[in-house]
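# Secondary and tertiary structure notes
Residues per chain are reported as follows:
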Amino acid sequence: MTDLSHLRADFPIFSRTVNGQPLRFLDSAASSQKPVQVLEAMETFVRTSYANVHRGAYTLSLEATEAYEAARHAAARFINASTDTEIVLVRGATTALNTIAGGWGRRNLRPGDLIVLTEIEHHANLVPWQMVAAQTGAQLAHVRMLANYTLDLDHLDTLLERSPRLVAVTGMSNVLGTLPPLRIIGERARAAGALVVVDGAQLVPHFPVDVADLPIDALAFSAHKMLGPTGIGVLWARMELLENVDPVEGGGEMISDVTLDSATWAAIPHRFEAGTPPIVEAVGLRRAVEYLEKVGMKAVAEHDMALTAYLLDRFRELPDVTVYGPSDLTQRGGVVSFTLADVHPHDLATILDQHGVAVRAGHHCAKPLHRRLGVPATARASFSVYNDTDDIDVLIEALDEARRLFGL
Amino acid sequence: MGLEDLYREVILDHYRSPRNRKPVALPTAVADGTNPLCGDEVHVEVRFEGDALTAVSVTGQGCSISQSSASMMSEAVKNKSQAEIRDLTRRFKAMMDVESNGGAGLDPGRPGAALGDIEALQGVRRFPVRIKCALLPWTTLEQALDGQADSAV
């Protein structure tokens, strides 16, 4: 396994205990912990250079603007965007998807137009499209999931015959860990004349992503799942698409000129960044990107996959554990949802918490997928750079307590 | 760790063999409760004849705490008057410390105070994040009673 054990010391949270036990944080798919480098970068910026951006002609404002735009540049470099102007800094992946769904959809969709989604999406890549469909009369169709927890690409082909305007798909399922084949999906969707939008909230923090090399048109991700702060995320979209998107928010900083009755918009990307942006958080995003670049996203991915393989191997020894997700490691990432016999995942999470193990329990903001799986809830373990096999061993051992308490 | 207090045998018994799940014929009030954060669901049906609750059904899905609380509640409220059920609910909330009673839990001196099996849920108090699970069936029943009161006018 790629040895990243030296990184754990960068994360102050691991100096604490939880319920008297060392913290075993296995919920990075919900939000990751933050290294001291990110915290210090944000604090130093506030202490030495803080002011609003793109406003004042004074030194601090210029420094703040440079810091903010440097975050845009770092985000562009991280996903190999061809230009910084294709990077819109937003509140998070949810806002990024709402910007495309609302800003592109309301401007371009007509009654009867088709949007193709999938059954395995997070609510953030379902509800915005439902909203714009209701507003425009567009229709939604969803690519089915196969029994092996991957997408049914034959069904995608059938839906593409109906010439959808847009296909929106997750880069990595936040429940199943499934990695949809973006290259295949993107090529086929484009051949059918559709735009391709990717919810990268789980993919971008854990795998190298090169948008110049992918047949996709937009990508959404959040800083807080990739060692950065909450409150900031990225919408990347090709310039031709961004030119066809209306701003969903009006206000300061997004305008070119304003009269009492009308306004013209600022250039892209600023027209999509109304109001004072998350400036301090942008500094944190940049530092998180630099941190991950130093580790290397290839190493991050290898580390995640080694832990995933180890956990799946341990689970395979346990007949009372059911895993929901592909067993083929080439088709999945480091998110493992599971149940233990008839122990409800909330009960399991409470029991594991007493052992210092933090896992998510519930529907993980993917209720349609859970209905499809036939379970109301699952427990979920997910990884980041600070996890190791000890975390998994403690999780496995703690399952024994759940068995004992539930008389299994 | 307190887990022993949380997962008592009687709780697991009600979780695995929930009582009163058959739909109520001609219910006089129904209510649905959900916890959107965790996905727990409770559906309550009651039939009052005069002031007495003569039939009750509580169905749903969720964790052992919400579902055992629902099952035990259904046993406790049968053949009770509206006022008695309201009182029971108040005392259950007091036991969960959501209404201030100085952390005293149940007041055994009060008439009809014995909550029976339901007292097994006292262990939930040590797990604040789970109190809402235990309360869900009771707040849903309150909604049904409110609807009942409306329709009775």
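Quick note: structure is the one above.
Quick look at the structure, then.

Definitions and cut-offs
Residues numbered from 1 in each chain as written. Chains lettered and ligands numbered in written order. Predicted model: local features only at pLDDT ≥ 70, side-chain atom pairs only at ≥ 80, totals over all residues. Helix = DSSP H or I, 4+ residues; strand = E, 2+ residues; numbered from the N terminus. Contact = placed C-beta atoms within 7 Å. Rg over C-alpha atoms; globule rule 2.2 N^0.38 Å. Buried ≥ 20, exposed ≤ 12 C-beta atoms within 10 Å, placed from the backbone. Core = buried A, V, L, I, M, F, W, Y, C linked by C-beta atoms within 7 Å. Domains from an automatic or database assignment. Nonpolar A, V, L, I, M, F, W, Y, C, P; charged D, E, K, R; others polar. Pairing = 2+ DSSP bridges. Axes fitted to C-alpha atoms, helices over the stretch in contact; angles between N-to-C directions. Right-handed = clockwise from strand over helix to strand, strands pointing away.

### Let's talk about the overall build of chain B
For chain B, the count of helices and strands is five helices and three strands. Taken from N to C terminus, the helices and strands of chain B fall in the order α-α-β-β-β-α-α-α. In chain B, of all internal contacts separated by at least 6 residues, the share reaching a separation of at least 24 is 65%.

### As for the overall build of chain A
In terms of regular secondary structure, chain A is built from twelve helices and 17 strands. Expected size for 408 residues packed as a compact globule is a radius of gyration near 22 Å; at 22 Å, chain A falls within 12% of this value. When its C-alpha atoms are laid out on the principal axes, chain A stretches across 70 × 55 × 35 Å. The buried share of chain A, reckoned over its 408 residues, is 51%. Of the contacts formed within chain A by residues at least 6 apart in sequence, a portion of 71% connects residues at least 24 apart.

### A few points about the environment of Val-300 of chain A
All names here are of chain A. Structurally, Val-300 can be placed in helix 9 (residues 297-316). In this structure Val-300 comes out as buried when scored by C-beta crowding, with 24 C-beta atoms within 10 Å. Distance from Val-300 to Leu-4, taken between C-alpha atoms, is 8.4 Å for residues 296 residues apart in sequence. Excluding its chain neighbours within four sequence positions, the residues that come into contact with Val-300 are His-206, Leu-292, Val-295 and Val-385.

### Quick word on unusual backbone geometry
Residues and elements named next belong to chain A. At the junction of Ile-268 and Pro-269, the peptide bond is cis and its omega measures out at 10° in the coordinates. The phi torsion at Asn-19 lies on the positive side, around 50°, for a residue other than glycine. Mapping Asn-19 onto the fold places it in the loop between strand 1 (17-18) and strand 2 (21-22). For Asn-19, a count of 12 C-beta atoms within 10 Å corresponds to the exposed category. Positioned with a positive phi, Glu-253 is a non-glycine residue whose angle comes to about 70°. Following the sequence through the fold, Glu-253 ends up in the loop between helix 7 (239-242) and strand 11 (255-258).

### Comments concerning the nonpolar core
Residues and elements named next belong to chain A. With 161 residues, the main nonpolar core has Ala-75, Ile-100, Leu-235 and Trp-236 as its most contacted residues. Top element by residues in this core is helix 8 (residues 279-295). It accounts for nine residues. Residue contributions to this core reach at least three from each of two domains, namely domain 1 (5-26 + 296-405) and domain 2 (39-293). Among all residues touching Ala-75, those that are not within four sequence positions of it are Ile-87, Val-234, Leu-285 and Val-289.

### Considering the interface of chain B and chain A
Chain B puts 13 residues into the contact, and the matching count from chain A is 13 residues. Considered class by class, the residues forming the side of chain B that touches chain A number eight nonpolar, four polar and one charged.

### Describing the sheet that holds strand 5 (residues 114-118) of chain A
All names here are of chain A. Strand order across the open sheet formed by seven strands is 4-10-9-8-7-5-6, with mixed pairing between neighbours. The open sheet has two edge strands with one neighbour each: strand 4 (87-90) and strand 6 (139-143). Between one strand and the next, the sheet's axes are offset by a mean angle of 20°, whatever the strand orientation. The pairing of strand 5 with strand 6 spans five bridges and is parallel. For Val-116, the partnering residue across the bridge sits in strand 6 and is Ala-141.

### Some thoughts on the pairing of strand 8 (residues 195-199) of chain A
Residues and elements named next belong to chain A. Across the five residues of strand 8, five count as buried, placing the element largely inside the fold. In this sheet, strand 8 lies alongside strand 7 (residues 166-170) in parallel orientation, the contact comprising five bridges. From the neighbouring strand, Thr-170 faces strand 8, where its bridge partner is Asp-199. A crossover links strand 7 with its parallel partner strand 8, the connecting element being helix 6 (residues 182-191), and its sense is right-handed. In terms of strand pairing, strand 8 meets strand 9 (residues 218-222) through three bridges, oriented parallel. For Val-198, the partnering residue across the bridge sits in strand 9 and is Leu-219.

### Here we look at the environment of Ser-82 of chain A
Residue placement: Ser-82 of chain A occurs in the loop between helix 2 (59-78) and strand 4. With 157 residues separating them along the chain, Ser-82 of chain A and Met-239 of chain A place their C-alpha atoms 9.8 Å apart.

### Quick word on the sheet that holds strand 2 (residues 40-49) of chain B
Residues and elements named next belong to chain B. Strand order across the open sheet formed by three strands is 1-2-3, with antiparallel pairing between neighbours. The open sheet has two edge strands, strand 1 (29-35) and strand 3 (52-61), and neither has a second partner. For this sheet the average axis-to-axis angle between neighbouring strands, irrespective of direction, equals 15°. Sheet analysis places strand 2 next to strand 3, joined by nine bridges and oriented antiparallel. Across the sheet, Val-44 pairs through a bridge with Val-58, a residue of strand 3.

This is a description of form; function is not addressed.
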